[in-house]
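Commentary on secondary and tertiary structure
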Amino acid sequence: KNEVEQSPQNLTAQEGEFITINCSYSVGISALHWLQQHPGGGIVSLFMLSSGKKKHGRLIATINIQEKHSSLHITASHPRDSAVYICAASYNNNDMRFGAGTRLTVKP
Amino acid sequence: EPEVTQTPSHQVTQMGQEVILRCVPISNHLYFYWYRQILGQKVEFLVSFYNNEISEKSEIFDDQFSVERPDGSNFTLKIRSTKLEDSAMYFCASSEDRNYGYTFGSGTRLTVV
């Protein structure tokens, strides 16, 4: 079964803290996506990766293919980072399975 | 920055009515997708579209659903006879290549009453 599991479900942090969100998937994938969903509902694609590590500003995404695990890190977190972060796995590059999301709240 | 545009942002329809949700993908993108998110639940894949045909569809995408690229710029999702359980946020996305990142539209909130 192509399940994607995320943890934690909810995360509250103080401004400036280093944040890690974890994602695991059950079978081999072609790519792993990290998405950000804001309170209004819009979805922004943050990363798409199939190996190694990617960095964009304060965001870093890593993937370990052998362990079927990915992490999203946010350095120097800020209240504007507050959103739901969703991990999604592409299978055969077309079908995509989504995790339930991690609701992040960063307090000033 | 190029955007994927979805219209309308919110649609209310009576049960049994047909609805068409519209999307304008980024102009040089070749792969198109529809997803839905029922309130409080995970985002779910509905269908992917490439080269004027469906390339993959989920078990949700039954005969009530269809997609079309009628004029080379719009990408539409039609629900033939809406049910209460079709109420959800519907997202369109596009990508230049299936190995590249996706760009999502801002969604259409469909409410079936």
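As the structure is a computational prediction, the values presented were derived from the model and not from experiment.

Structural notes on the overall build of chain B
- Broken down by element type, chain B carries zero helices and 11 strands.
- Across chain B, helices and strands are ordered from the amino to the carboxyl terminus as β-β-β-β-β-β-β-β-β-β-β.
- By the compact-globule yardstick of 13 Å for 113 residues, chain B fits well, its C-alpha radius of gyration being 13 Å.
- Along the three orthogonal principal directions, the C-alpha set of chain B runs to about 35 × 25 × 25 Å.
- The buried share of chain B, reckoned over its 113 residues, is 45%.
- Taking contacts inside chain B between residues at least 6 apart in sequence as the whole, the part at least 24 apart equals 53%.
- Only carbon and sulfur atoms are counted for the fraction: they give 43% of the accessible area of chain B, which is about 5800 Å².
- Distance between charge centroids for chain B: 4 Å, based on 10 positive and 15 negative side chains.

So, the side chain of Gln6 of chain A
Residue and element names in this part refer to chain A.
- Tracing the backbone shows Gln6 in strand β1 (residues 4–7).
- Gln6 sits in the buried class, given a relative accessible area of 13%.
- Side-chain polar atoms of Gln6 contact the backbone oxygen of Tyr85, separated by 2.9 Å.
- One polar contact links Gln6 to Thr102, side chain to side chain, over a distance of 3.2 Å.
- Excluding residues within four positions of it along the chain, Gln6 makes contact with Ile21, Asn22, Cys23, Trp34, Tyr85, Ile86, Cys87, Gly99, Ala100, Gly101 and Thr102.

A closer look at the packing of aromatic side chains
- Summed over the entire model, instances satisfying the criterion amount to 10 aromatic pairs over all chains.
- Residues Tyr33 of chain B and Tyr102 of chain B carry aromatic rings whose centres are separated by 4.4 Å and whose planes lie at 10° to one another, so their mutual orientation is stacked. Linking Tyr33 of chain B in strand β4 (residues 31–37) with Tyr102 of chain B in the loop between β9 (88–95) and β10 (103–104), this pair joins segments that are 69 residues apart in sequence. One exposure class covers both Tyr33 of chain B and Tyr102 of chain B, and it is buried.
- An aromatic cluster is built from Phe98 of chain A together with Tyr33, Tyr35, Phe45, Tyr102 and Phe104 of chain B, whose rings are joined through pairwise contacts.

Looking at the nonpolar core
- By size, the foremost hydrophobic cluster in this structure holds 23 residues, and its most contacted members are Trp34, Leu46, Phe61, Val67, Phe75, Leu77 and Tyr90 of chain B.
- When contributions to this core are tallied by element, the ones reaching two or more residues are β3 (19–24), β4, β5 (43–50), β7 (65–68), β8 (75–79), β9 and β11 (108–112) of chain B.
- Grouped together as the second largest cluster of nonpolar side chains are 22 residues, Ala13, Ile74, Leu104 and Val106 of chain A included.

Conventions we followed
- Counting of residues starts from 1 at the beginning of each chain's written sequence and follows it residue by residue.
- Each chain gets a letter, beginning with A, and each ligand a number, beginning with 1, in the order they are written.
- Note on the predicted model: pLDDT of at least 70 is required for a residue's local features to be given, and 80 or more for side-chain atom pairs to be given and counted; whole-chain, interface and lining totals, by contrast, use all residues.
- Calculation of side-chain values draws on the structure's entire complement of heavy atoms; hydrogens and water are dropped beforehand.
- Helical segments are the DSSP runs of H or I of at least four residues, strand segments are the runs of E of at least two, and each set is numbered from the N terminus.
- We take the radius of gyration over the C-alpha atoms and set the globule estimate at 2.2 Å times the residue count to the 0.38 power.
- Each residue is placed in one exposure class: buried if its accessible area under a 1.4 Å probe, protein chains only, is under 20% of its type's maximum, exposed if it is over 50%, and partly exposed if it falls in between.
- Two residues form a contact once any of their heavy atoms are found within 4.5 Å.
- The method behind every accessible area is Shrake-Rupley, applied with a 1.4 Å probe, and residues are considered shielded solely by the protein chains displayed.
- The sign given to each residue is positive for Lys and Arg and negative for Asp and Glu; His and the chain ends receive no count.
- Charge positions come from single atoms, namely NZ of Lys, CZ of Arg, CG of Asp or CD of Glu.
- Two N or O atoms form a polar contact when they lie within 3.5 Å of each other; inside protein one atom must be a possible hydrogen donor and the other a possible acceptor, and for residues adjacent in sequence the pair counts only when both atoms belong to side chains.
- Each pair of aromatic rings taken from Phe, Tyr and Trp, with Trp reduced to its six-membered ring, is defined by centres within 6.5 Å and is described as stacked if the planes are under 30 degrees apart, edge-to-face if over 60, and tilted in the remaining cases.
- Each nonpolar core is a collection of buried residues, namely Ala, Val, Leu, Ile, Met, Phe, Trp, Tyr and Cys, held together in the definition by side-chain atoms within 4.5 Å.

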